[in-house]
Amino acid sequence: MINFSALRTPLLPLLVFVPLGLVLSHQGQGDNPLIVFLVNGIAIVPIAQIISQSVEQIAEHLGDSWGGILNATLGNLVELVIAFSALTSGLYEIVLDSMVGGLVTNLLLVLGLAALFGGLKNQTLPFKAKTALLNSKLLLAVVLVSFVPGMLDHLNQFDSKQSHEQYSIILSVALLVFYALSFVFQFSIPKDVVSNDSLPNDIVEPDQSKNRNALLIGPLLILSVSTLALVFSSEALVEGLTATAQKFNLSNFFTGVFLLPIFGSAAEFVVSLRAAQRNRMDLAIASTIGSSVQIILFILPALVLVGAYIGKPLGIFFSPQAMVAVLVAVFSVEWVCTDGKLDWFEGSFLLMVYLLLLVSSFYLL
């Protein structure tokens, strides 16, 4: 029997805002882009709830690590749609700002709220030490990617525009290979090193396997449809928010890094918050830090290669304010995660750092 229990949520009636938001978006925003923004923002709430319940059901069968990776990947589809749309329009700065925004939001806001509320309920939130070690290496790579190319560019060390393009392509290939190797390292380690929730059971009887596959069909189907709806609603929301930001003269950096990703990270937020309250921090960490790492080490280099192919060359050269945001976010998460556990006070620290960056960016030119 196919399991569709992920649809059992009191927020289900709010799904009516999904078609309503899309209709308002395609009819044109006129003088009320704020209405388009608010309606699509409401539409994302029940979608995120359904996605979180589907991911939890999948994680029950595949393990928290795979569940978190699946949630991070599907959640990042929103950032991918936004970035690809900006890339094809030649808006390279918006592409990079959206990447940084997704990282900062997941590392500081989403993980901070999850640790705060989860810590208030469970006191301490432990996760695997090997997870912390792997994340440290991946986050260090994120910092180097955001700093080294950008510093060389600002110091005028490239002799031509062609050098920019070639450098970005070579670096992108290296990053994709490194990101693939991180999965090899994570999932091909001795079984006794990993806790039981990381991998599915070794020996599964044929009947059990069939039952498990049947139980997975429903959540996977719901997850696929919900993610598709999330992408369309997020795209409409972004259009409304962008027009609203222009109307109120908000800076591009503030809009791209702090406003857009709040709703793009809705799925990660709901999954991480529910996981933290249930003291399943491996799922929360995989959804937040895993999503942030994937943005810089997979989505960004993939967009560079796609851009080179379609004649829209994208360089991996971040602005100074973006480099500062990445460094501060990564350093803060590294500091609170080194001991393999989180608590409510460390969650409040991450939120304070997010507020610091938010207020600082509001006054940028």
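Source: prediction; values computed, not measured.

Definitions and cut-offs
- Residues numbered from 1 in each chain as written.
- Predicted model: local features only at pLDDT ≥ 70, side-chain atom pairs only at ≥ 80, totals over all residues.
- Heavy atoms only, no water.
- Core = buried A, V, L, I, M, F, W, Y, C linked by side-chain atoms within 4.5 Å.
- Buried < 20%, exposed > 50% of the residue type's maximum accessible area, 1.4 Å probe, protein only.
- Helix = DSSP H or I, 4+ residues; strand = E, 2+ residues; numbered from the N terminus.
- Contact = heavy atoms within 4.5 Å.
- Axes fitted to C-alpha atoms, helices over the stretch in contact; angles between N-to-C directions.
- Parallel < 35°, antiparallel > 145°, perpendicular 65-115°, else oblique.
- Left-handed = near helix turned anticlockwise from the far one by under 90°.
- Nonpolar A, V, L, I, M, F, W, Y, C, P; charged D, E, K, R; others polar.
- Phe/Tyr/Trp six-rings, centres within 6.5 Å; stacked < 30°, edge-to-face > 60°.
- pLDDT = per-residue confidence, 0-100.
- Patch = residues over 30% accessible without salt bridge, like charges linked within 9 Å, V, L, I, M, F, W, Y side chains within 5 Å.
- Areas by Shrake-Rupley, 256 points an atom, 1.4 Å probe, with all protein chains shown as cover.
- Salt bridge = Lys/Arg side-chain N within 4 Å of Asp/Glu carboxyl O.
- Expected span 1.5 Å × (residues − 1).

S.K.: Looking at this structure, I do not really get the nonpolar core. What am I missing?
M.R.: Across soluble globular proteins, you tend to see nonpolar side chains buried next to one another. Within the largest apolar cluster, 88 residues are counted, with the highest numbers of intra-cluster contacts made by V104, M281, I289, I296, L297, F318 and L342. With 14 residues, helix α4 (residues 92–122) is the largest single contributor of residues to this core. Excluding residues that lie within four positions of it along the chain, L297 makes contacts with L138, A141, V142, V145, L175, L176, F178 and Y179.

S.K.: Would you mind showing me how to read the packing of helix α6 (residues 161–187) against helix α10 (residues 281–310) here?
M.R.: A packed helix pair is summarised by two numbers, namely the angle formed by the two axes and the spacing between the axes. Interhelical geometry of α6 versus α10 gives an angle of 140 degrees and a closest axis separation of 9 Å. On the basis of the axis angle, α6 is oblique to α10. Here α6 runs over α10; the crossing is left-handed. Here α6 contributes S168, I169, S172, V173, L175, L176, F178 and Y179 to the contact with α10, which in turn contributes V293, Q294, I296, L297, F298, P301, A302, V304, L305 and A308. Broken down by class, the residue content of the contact of α6 with α10 amounts to 15 nonpolar, three polar and no charged.

S.K.: Teacher, can you tell me more about the packing of aromatic side chains here?
M.R.: What characterises a pair of aromatic rings is the spacing of the ring centres plus the angle enclosed by the ring planes. Scanning the model with the defined rule gives seven aromatic pairs in all. The interplanar angle of 90 degrees and the centroid separation of 5.0 Å between the aromatic rings of Y179 and F183 together place this pair among those described as edge-to-face. In this pair, Y179 and F183 both sit in helix α6, four residues apart, roughly one turn of the helix. On the basis of relative accessible area, Y179 is assigned to the buried category, the value being 9%. One aromatic cluster is present, built from ring pairs that chain together Y179, F183 and F298.

S.K.: Got a minute to help me understand the confidence of the model for the chain in this structure?
M.R.: Parts of the model with low pLDDT should not have their predicted coordinates read in detail. On average, residues of the chain score 81 in pLDDT, and 87% of them reach the 70 mark or higher. In the model of the chain, helix α3 (residues 64–88) stands out as the element of lowest mean pLDDT, 72, in contrast to helix α12 (residues 344–362), which has the highest, 93.

S.K.: Hey, could you run me through a nonpolar patch on the surface in this one?
M.R.: Judged by side-chain polarity, I169, V173, V177, L181 and V184 come together as a nonpolar surface patch covering roughly 400 Å² of accessible area. Within the secondary structure, L181 is located in helix α6.

S.K.: It is not clear to me how the environment of V173 should be interpreted in this structure. Could you clarify?
M.R.: Of note, V173 is situated in helix α6. Between the alpha carbons of V173 and P301 there is a distance of 7.1 Å; along the sequence they are 128 residues apart.

S.K.: Just checking my understanding: could you explain the pattern of salt bridges for this structure?
M.R.: Two side chains that carry opposite charge are able to pair once their charged atoms sit near each other. Inspection of the entire model under this criterion finds two salt bridges. A salt bridge links K128 to D282; the nearest nitrogen and oxygen atoms lie 3.5 Å apart. One end of the pair, K128, is in the loop between β1 (124–126) and α5 (129–154); the other, D282, is in helix α10, and 154 residues separate them in sequence. Residue K128 shares its accessibility class with D282, and that shared class is buried.

S.K.: What's the story with the packing of helix α9 (residues 266–277) against α10 in this structure? I'm lost.
M.R.: Packing of α9 against α10 brings their axes to within 7 Å, and their N-to-C directions diverge by 155 degrees. Regarding the angle of α9 to α10, the classification is roughly antiparallel. Judged by the twist between their axes, the crossing of α9 over α10 is left-handed. Between α9 and α10, the residues in contact are E268, V271, S272, A275 and A276 and M281, L283, A284, S287, T288 and S291, respectively. Among the residues making up the contact of α9 with α10, the classes are represented as six nonpolar, four polar and one charged.

S.K.: Looking at this structure, I do not really get the side chain of R274. What am I missing?
M.R.: Turning to its location among the elements, R274 is positioned in helix α9. Relative accessible area serves as the criterion here: at 16%, R274 is assigned to the buried category. R274 has contacts with Q49, S52, Q53 and E56, leaving out every residue within four places of it along the chain.

S.K.: Help me out: how do you make sense of α6 in this one?
M.R.: Every α-helical turn comprises 3.6 residues, leaving residues that sit three or four positions apart pointing alike. With 27 residues, α6 should cover 39 Å at 1.5 Å per step; its first-to-last C-alpha distance of 40 Å lies within 8% of that length. Turning to α6, its buried residues number three or more, namely S163, S168, L171, S172, L175, Y179, S182 and F187.

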